[in-house]
Each structure stands twice: as structure tokens, then as C-alpha cells.
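# Coordinate inspection notes
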Amino acid sequence: MTYPDLLPLLGDTANEIRGRLVPNQLLSAITWFRVGGPAQLLFQPADELDLATFLKALPEEVPVTVVGLGSNLLVRDGGIEGVVIRLPMKGFGQVEHLGGHRLKAGASVPDKKLAEVAAQNSIGGFAFYTGIPGALGGALRMNAGAHGTETKQRVVNVNAVSRSGEIVTLSNEDMGYAYRHSSAPKDLIFTSAVLEGYHEDEGVIRREMDEVTAHREAAQPIREKTGGSTFKNPEGTSAWKVVDAAGCRGLQIGGAKMSELHCNFMLNTADATAYDLETLGETVRARAAKATGIRLEWEIKRLGRFAEDREVLPFLGEVGE
Ligand SMILES: Cc1cc2nc3c(=O)[nH]c(=O)nc-3n(C[C@H](O)[C@H](O)[C@H](O)COP(=O)(O)OP(=O)(O)OC[C@H]3O[C@@H](n4cnc5c(N)ncnc54)[C@H](O)[C@@H]3O)c2cc1C
């Protein structure tokens, strides 16, 4: 699948852009699942101003999608039409200690690095990030959390660029946080954030980080091609319990499998397509609804187009509820 070249739409602005523009870049190269078709145009801006200039010049009918480290994404086999923006480390990967218990970090800073810098500065409340394999931008959008702490507890404010190229600042309240969700306008690309923790001894933080790592190693298939938790925890229970009750632990479709170790994690065992993975997810949803009456909601973000004749229909409508 190859998309038509979008560069001519930028006109003269294309020459002003300092970042990297790559047509038809395969996204399987950057997603944790190692699946996904091409981005029509992948843009890696040099900095926030470069991003704003690009978005101002891009005709408004061209769709824009932002991706982070791809650890919570299922990009479909037909790829993503329009521009896909990925903020690189250079320009968006700095962490600064602002004094007190505050850090300012770029959206491409890996969560693990945030935890490390917080520990070095005796700032508590960031150890949970040690085990989350994304970057700050994804954490801000997903309200990433673990071990009883969520991103929303750390956010003071967030800088972002809108689809029309305006640079804006949002407060914690503006981010509209709920479980694994932010209701901040969908077009916003988060570029950096000020985060706040509290005083804690470095030794205590390091022990907490070690515990998080040990738990991950034992309980999650962290060295596999996966997207983390496939489904959100339903009210009052855990998604893995629902998947298990539906008999779907280890269920396999093509190269896609529900992990035996943690059955809310989907795996690309070798050569799965996005079609295999999404079909597996929808099959689990249908079986879970039938077995338990619970409608599981996807936590993984599914993006892009299906490959031709490989559309996956949501199965829940088909189980006679
Ligand atoms: C092994 C494993 C373990 C995991 N454990 C956890 C866990 O314990 N807790 C948890 O919450 N998650 C977990 N995850 C899921 C994932 O790591 C988090 O959701 C993470 O925050 C996603 O960050 P990312 O950079 O990979 O974003 P991506 O997966 O690339 O994108 C996720 C979403 O964020 C949006 N996004 C990304 N960057 C930006 C930006 N700059 N501006 C605006 N929107 C943006 C994307 O459009 C997309 O909607 C796990 C994943 C794996 C593979």
C-alpha cells in the first residue's frame, strides 16, 4: 500500500520546515506490536515552533495523527492517511528540575527517564513510571498509571500545539482526566509538561522502583511484542479476570495470542498482522460478553485504515445481547 505524496500541499513552507518529513514510512517499525501499514507522511518536527509552522501551512482537510513510542497502539495494516506526527528526542526530550518538587519535561521523554530524574532529585511520586514503556506525551493523553498512581496526580500544566498551529497551555483541570483518558481536545499535540511530586528520600524511591521492576518482570510479558493492557478494567473488577472467565487465556488467532502469563496482554507471537490482533481482541470481547455480561472496552488505541477486504467488525453486536 502506497499513498500519494502530500508534500506539494505544503507549498513554499516545505522549505522552511527544519524537521524530518518521510513519505510512506512503515509504522510497523515504530509500534511495540511491530504491525501497521505506512503513514502517508511522517513528520518529526525540530521543535515546538517548527511543529506550529507546519500545522499552520497544512491544509485543514488533511488529517493529523500523533503517535508516541507506540506502546499502546494498534496501527491497522492499511496504514494512516494524512500526516502522522512523532516528536523526536531531539527538541522534545529534555527534563529540567525547576526547583522544589517540580520537573519540566518534553513530550518525548521516556517515562522511565522521568522516574530516574525524579529519583536523582529526591522527588517522590514518579516511581510508577519506571515500568511504563511509553513517553510523556502518551502518558498525558492516556492518563497512564500503575501501582495506585496516575499521571493526573503529577500534572501541573501542559503545553500543546493545536491543529491550526496555535501554542496553548492547559491546566490539570483542562486535561479532563478520568481512568486512562483525557478529554482535552483530540487535535492537541502535547509538547511538554510541568509535573510535581513531593519530597522523598532517594533510597526509598529506588526501593520502590526496584519493586515495580520486579513485579513487571514476574507478572507481565514485557519482552514480547505487545501493547500493554488490551482492555480497560471494568467497574469493580479487573479486565484479566473477565478475559480468564471467558476462557480466553492463551486464545490464538493467526499470529495473535492472549498471553498465558497476563491474559489481558495481546501478543504478536511472530508474524501477526493488525487484522489478526484486532480480530482476536473483538473475539475476546464477544466471548467475554457472552460468558460474563461485561462489555470490555479497548484500552489500546486502534488507528488507521483496514487493508483491503480485511475489515474487522466490532463483534459485540453479534452475540445476541
Ligand atoms: C509492556 C507494557 C506495559 C504497559 N504498562 C502500562 C501500565 O502499567 N500503565 C499504563 O497506563 N499503561 C501501560 N502500558 C501502555 C502504554 O505504555 C502507555 O499508555 C503509554 O503512556 C503510551 O505512551 P506512548 O508514548 O507509547 O504512546 P502511544 O502508544 O504511541 O500513543 C498512545 C496514545 O497517546 C497519544 N499520544 C502520544 N503522544 C502524544 C502527544 N505528544 N500528544 C498528544 N497525544 C499523544 C496517541 O495519539 C495515542 O492516542 C504498557 C504497555 C506495554 C507495552
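Summarised in this report is the structure supplied together with it. (Residues numbered from 1 in each chain as written. Predicted model: local features only at pLDDT ≥ 70, side-chain atom pairs only at ≥ 80, totals over all residues. Heavy atoms only, no water.)

## Here's the deal with the overall build of the protein
Helix and strand content of the protein: eight helices and 21 strands. For a compact globule of 321 residues, the expected C-alpha radius of gyration is about 20 Å, and the protein comes in at 20 Å, within 12% of that figure. Projected onto its principal axes, the C-alpha coordinates of the protein cover approximately 55 × 55 × 35 Å. Split into buried and exposed, the 321 residues of the protein put 51% on the buried side. Considering only contacts in the protein between residues 6 or more positions apart, those separated by 24 or more positions represent 67%. Total accessible area on the protein is roughly 14,400 Å²; 48% of this is exposed by carbon and sulfur atoms. Each charge class in the protein can be summarised by its mean position, and for the 34 positive and 41 negative side chains these summaries are 3 Å apart. (Helix = DSSP H or I, 4+ residues; strand = E, 2+ residues; numbered from the N terminus. Rg over C-alpha atoms; globule rule 2.2 N^0.38 Å. Buried < 20%, exposed > 50% of the residue type's maximum accessible area, 1.4 Å probe, protein only. Contact = heavy atoms within 4.5 Å. Areas by Shrake-Rupley, 256 points an atom, 1.4 Å probe, with all protein chains shown as cover. Lys, Arg positive; Asp, Glu negative; His and termini not counted. Charge placed at Lys NZ, Arg CZ, Asp CG, Glu CD.)

## Quick word on the sheet that holds strand β1 (residues 20–26)
Taken in spatial order, the four strands make up an open sheet running β1-β2-β5-β3, and their pairing is mixed. In this open sheet, the two edge strands, each paired with only one partner strand, are β1 and β3 (64–67). Across the sheet, the axes of successive neighbouring strands diverge by a mean angle of 30°, strand direction being ignored. Here six bridges tie β1 to strand β2 (residues 38–44), and the two strands are oriented antiparallel to one another. Across the sheet, residue Pro23 finds its bridge partner in β2, namely Leu41. Against the sheet, helix α2 (residues 48–57) makes contact with β1, β2, β3 and β5 (80–86), and its axis sits at roughly 160° relative to β5, the strand it touches most. (Pairing = 2+ DSSP bridges. Axes fitted to C-alpha atoms, helices over the stretch in contact; angles between N-to-C directions.)

## Description of the pairing of strand β12 (residues 167–171)
Moving residue by residue along a regular strand, the side chains alternate between the two faces of the sheet. Here strand β11 (residues 155–161) runs beside β12; their pairing, made up of five bridges, is antiparallel. Bridge pairing in β12 links Asn157 to Ser171. Hairpin connection between β11 and β12: a loop of five residues separates the two successive antiparallel strands, and Gly165 in this loop has a positive phi of roughly 90°.

## Some thoughts on the side chain of Gln44
Of note, Gln44 is situated in strand β2. Assessed through its relative accessible area of 16%, Gln44 is described here as buried. If sequence neighbours within four positions are ignored, Gln44 has contacts with Gly19, Arg20, Arg86 and Pro88.

## A few points about the pairing of strand β6 (residues 95–99)
In this structure, β6 lies alongside strand β7 (residues 102–106), joined through four bridges in antiparallel fashion. Directly across from Gly99, in β7, lies its bridge partner Arg102.

## Description of the site of the ligand
For the ligand, the set of nearby residues contains 34 residues, the closest of which are Val66, Gly68, Ser71, Gly145 and Arg216. Between the ligand and the protein, one listed contact pairs an oxygen atom with a side-chain N or O atom of Arg180 at 3.3 Å. Burial of the ligand by the protein chains amounts to 95% of its free accessible area of 970 Å². Mapped onto the shell around the ligand, the elements with two or more residues apiece are β3, α5 (136–142), β9 (145–146), β15 (189–196) and β17 (226–229). Each residue belonging to the shell around the ligand can be placed in one class, and the counts come to 18 nonpolar, twelve polar and four charged. (Near = heavy atom within 4 Å. Polar contact = N/O pair within 3.5 Å; in protein donor to acceptor, adjacent residues only side chain to side chain. Nonpolar A, V, L, I, M, F, W, Y, C, P; charged D, E, K, R; others polar.)

## Observations concerning the environment of Leu41
Positionally, Leu41 belongs in strand β2. Separated by 19 residues in sequence, Leu41 and Val22 place their C-alpha atoms 5.7 Å apart. Dropping the residues within four chain positions of it, Leu41 is found in contact with Leu6, Leu7, Leu21, Val22, Pro23, Gly82, Val83 and Val84.

## Brief notes about the sheet that holds strand β18 (residues 252–253)
The antiparallel open sheet is built from four strands, whose spatial order is β17-β20-β19-β18. Edge positions in the sheet fall to β17 and β18, since each of these pairs with one other strand and no more. The pairing of β17 with strand β20 (residues 265–268) spans two bridges and is antiparallel. If you follow Thr226 over to β20, its bridge partner there is Leu267.

## Things to note about unusual backbone geometry
Here Asn24, not a glycine, exhibits a phi torsion of approximately 50°, which is positive. Along the chain, Asn24 falls in strand β1. Positive phi is not limited to glycine here, since Arg34 has a value of about 60°. Looking at the secondary structure, you find Arg34 in the loop between β1 and β2.

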